[in-house]
Amino acid sequence: MPDDQLTSAPPQQVRPLDPIDAAILRLLRTDGRASVRSVADQVHISRANAYARINRLIEEGVIRGFSARVDHERAGQGASAYITLKIVQDSWRTVRAKLEELPGATHIALVSGDFDVLLLVHTADNRALRELVLTRIQGIPEVLSTRTLLVFEERDLLPDR
């Protein structure tokens, strides 16, 4: 997600989702390839209404895009880890840009607490993970320290049906 929306764009008017929009989002999170007809049938609205609502959710930035859920192990990325980083104060944008370039980085978050950044990575194996952490991440001048948490098992959670 472009961070410019989080940090430099003026806040947009936030409109609570109505029950139909919420149902559409649940369906699309479960199956981003669902047809408009299928969505309309499942939430009991017309296809035109479903099409208009989906387009509005996209235009308003509620839906940021569509993607595939990946089984990282089957995709040759058998090692996964959350890496926590402490970074130099006011270096978030610089660090974020460098982390976004890392192979296998799938989620980056600026957080509060004992560390500043939480990064999820997927690599081929522990050797590649070690190289990523010790060379690439710790080589970023603004990174003060890291801690690596190996992931033994993971599961994408889908909304309740």
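Here the structure is a predicted model, which means the values were calculated and not measured.

### Looking at the packing of helix 2 (residues 19–30) against helix 3 (residues 36–43)
Helices that pack against each other are described as a pair by the angle of their axes relative to one another and the distance between those axes. Where helix 2 contacts helix 3, the axes come no closer than 10 Å and their chain directions differ by 130°. Viewed along their axes, helix 2 and helix 3 adopt a mutual orientation that is oblique. For the crossing formed where helix 2 meets helix 3, the hand is right-handed. Across the interface between the two elements, I20, A23, I24, L27 and L28 from helix 2 touch V39, Q42 and V43 from helix 3.

### Section: helix 3
At 3.6 residues per turn, the α-helix brings residues three or four places apart onto the same side. Every buried residue of helix 3 is listed here: V39, A40 and V43. Around the axis of helix 3, the buried residues are gathered within 100° of arc, so they sit on the same side. Contact partners of the buried residues in helix 3: helix 2 and helix 4 (47–59).

### A word on the nonpolar core
I83, L85, L99, L119 and I137 are the most contacted members of the largest nonpolar core, which totals 17 residues. The set of elements that each furnish at least two residues to this core consists of strand 1 (79–87), helix 5 (92–100), strand 3 (117–123) and helix 6 (126–137). Excluding residues within four positions of it along the chain, L85 makes contact with L99, F115, D116, V117, L119, I137, V143, S145 and T146. Of all hydrophobic cores here, the second largest spans 14 residues; its members include A23, V43, I45 and I63.

About the criteria used
Residues numbered from 1 in each chain as written. Predicted model: local features only at pLDDT ≥ 70, side-chain atom pairs only at ≥ 80, totals over all residues. Heavy atoms only, no water. Axes fitted to C-alpha atoms, helices over the stretch in contact; angles between N-to-C directions. Helix = DSSP H or I, 4+ residues; strand = E, 2+ residues; numbered from the N terminus. Parallel < 35°, antiparallel > 145°, perpendicular 65-115°, else oblique. Left-handed = near helix turned anticlockwise from the far one by under 90°. Contact = heavy atoms within 4.5 Å. Buried < 20%, exposed > 50% of the residue type's maximum accessible area, 1.4 Å probe, protein only. Arc of directions from axis to C-beta. Core = buried A, V, L, I, M, F, W, Y, C linked by side-chain atoms within 4.5 Å.

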